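Okay, here's what each chain looks like letter by letter:
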Amino acid sequence: MRPRHAFLLCGLAACAWLAGVASSVRAEAMPPAWQTTWIAPPQPVWDERFVLPPGMPSQLRDVTLRQTLRTSLGGDRVRLAISNAYGRSPLRVGRMTIRRPGHAEAVPVRFGGADGTLLPPRAQRLSDPMALPVRAGERLEVDLYLPGVAAPAGFHWDAREPAWLLPGDATGWPTPADAPPLSARAFVTALQVQAARPPVAVVAIGDSLTDGNGATPGADQRWPDHLSRRLAPLGVAVLNAGISGNRLLRDGMGERALARFGRDALDHPGVRAVVVLLGTNDIGWPGGPFAPGEALPTLDHLADGLRRLAAQARARGVRVVGATLPPFKDALQGTPLEGHYSAAKDALRQALNAWIRTTSAFDAVVDFDAVLRDPADPARLHPAYDSGDHLHPGDTGYRAMAEAIDLATLLGAAVEDQR
């Protein structure tokens, strides 16, 4: 298979080769290393004038924010990153805990031995290591008590996991049955695990198609979740750097991908490959409710943006995989957000896909368009893969996306270099 062709399912020979590489990596006598196993890239919070609600109160006071997350890889100890990214005032954390949902005992999360910490605006802080052995694919519950007044920061709008706001210091206590769930995250942006292996990670960066809009909440059905389950036995983490509403060239719901690529994709320990699925909102937003005054970008502008993104990855020795844009005919039709699709927009999408399939900017290409389109109407998602809004896949579609990725081509010689 030539590198820039669409991915096929991993063949038996390639899978056997990868398993052998992973075994040799684990067999090395290595000192314990920290591996990022989960992330939630932060984005600025918008005000009530935007077309979508933020999903979280604009002010938090004397409350406990409870959030769940899912590990990609396991380890013997863990530590959490908390963030005041885009915050305008210091963030005071009174107390934090982490536990497995349903378990009575919560483990204190400390910072320099203290129960709480104070973060300046835009700062991030790692907790002290905690002795909490976790497995790949395990769900954890994190409580963060905010004793004073705080505005959401380290914010991530489309969590695909439930969160709750509980009055007072409720860290470690059961969730009341009548507590209303939130759909957004805040403050907790990464989980790291420590294990006796060198860190190896794949990052998926994109918009809501990577963030998993349309997938069943709390069920780990996004395409990076499915890819994570394929790579976990090989000791490779999958980090989901998708932000719903993100764009390549312009800020949207989150800074433009060209600006956040280093922080959210390249700066994690052991990153060996990045899958880039971007451009849908650059094409879909202009002239609609999200960006009514904007004109469509040109193909040259979009191609140049993807080329610059790929150059950033290659300069860091990271393989970069370009992904074609799935179809979105009649996207969000009949909703207040209608206007995402037009024939001119689809023509631009198809022209960009043709460029992605043939450019030398990427180390490889995965053809999500070919996987998800309806053969009877290639501008539309296949009905079996459509979540119902004609823009986002459902659980079955996201699984098909992950299964279309050839693991040997994805990782190339990068994991072999770890031997």
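Here the residue numbers are simple positions, counted from 1 along each chain's written sequence. Given that this is a predicted model, residues contribute local features only at a pLDDT of at least 70 and side-chain atom pairs are listed and counted only at 80 or more, while totals for whole chains, interfaces and linings are drawn from all residues. For side-chain calculations, the full set of non-hydrogen atoms in the structure is used, while hydrogens and water are omitted.

## Here we look at the overall build of the protein
Right, so step 1: What counts as a helix is a DSSP run of H or I of at least four residues, what counts as a strand is a run of E of at least two, and both are numbered from the N terminus. In terms of regular secondary structure, the protein is built from 10 helices and 19 strands.
Right, so step 2: Projected onto its principal axes, the C-alpha coordinates of the protein cover approximately 55 × 55 × 35 Å.
Right, so step 3: Three labels apply to residues, based on accessible area from a 1.4 Å probe with only protein chains included: buried if under 20% of the type maximum, exposed if over 50%, partly exposed otherwise in between. Within the protein, the proportion of its 419 residues that are buried is 58%.
Right, so step 4: Contacts are residue-level and defined by heavy atoms, with any inter-residue pair within 4.5 Å sufficient. Long-range pairs, those at least 24 residues apart, make up 82% of the contacts in the protein with a sequence separation of at least 6.
Right, so step 5: Note on areas: Shrake-Rupley with a 1.4 Å probe; residue coverage comes only from the protein chains shown. When the accessible surface of the protein is totalled, it reaches about 16300 Å², and 53% of it is carbon and sulfur.

## Thoughts on the packing of helix 3 (residues 223-231) against helix 9 (residues 395-403)
Right, so step 1: Following both chains from N to C, one finds helix 3 and helix 9 inclined at 45 degrees, their axes separated by 8 Å at the closest point. Judged by the inter-axis angle, helix 3 sits oblique to helix 9. Considering the relative orientation of helix 3 and helix 9, their crossing is right-handed. Residues Trp223, His226, Leu227 and Arg230 of helix 3 pack against Asp395, Tyr398, Arg399, Met401, Ala402 and Glu403 of helix 9.
Right, so step 2: Each residue gets one of three labels, nonpolar for Ala, Val, Leu, Ile, Met, Phe, Trp, Tyr, Cys and Pro, charged for Asp, Glu, Lys and Arg, and polar for the others, Gly among them. Of the residues assigned to the contact of helix 3 with helix 9, the class counts are five nonpolar, one polar and four charged. Note on geometry: axes are lines fitted to C-alpha atoms, helical ones only across the stretch in contact, with angles between N-to-C directions running from 0 to 180 degrees. Roughly parallel refers to an angle under 35 degrees, roughly antiparallel to one over 145, roughly perpendicular to one between 65 and 115, and oblique to any angle outside these ranges. Each helix crossing is assigned a hand: it is left-handed if the near helix lies turned anticlockwise from the far helix by less than a right angle, otherwise right-handed if that turn is clockwise.

## Let's talk about the sheet that holds strand 13 (residues 201-206)
Two modes of strand pairing occur in sheets, parallel and antiparallel, and in both the strands are linked by backbone hydrogen bonds.
Right, so step 1: The pairing criterion for strands is at least two bridges between them, as found by DSSP. Read from one edge of the open sheet, five strands run 14-13-15-16-17, paired in parallel fashion. Each end of this open sheet is capped by a strand with a single partner; those strands are strand 14 (237-242) and strand 17 (364-366). Averaged over all pairs of adjacent strands, the angle between their axes in this sheet comes to 20 degrees, without regard to strand direction.
Right, so step 2: Sheet topology places strand 13 next to strand 14; six bridges connect them, and they run parallel.

## Things to note about the side chain of Thr68
Right, so step 1: With respect to the secondary-structure elements, Thr68 resides in strand 2 (residues 60-70).
Right, so step 2: By relative accessible area, which is 6% here, Thr68 ends up buried.
Right, so step 3: Two N or O atoms count as a polar contact when they lie within 3.5 Å, although within protein this holds only if one can serve as hydrogen donor and the other as acceptor, and sequence-adjacent residues are included solely when both atoms are side-chain atoms. A distance of 3.1 Å separates a polar atom in the side chain of Thr68 from a polar atom in the side chain of Glu161.
Right, so step 4: In this structure, Thr68 is in contact with Arg139, Leu140, Glu141, Glu161, Pro162, Trp164 and Arg185, ignoring residues within four places of it in sequence.

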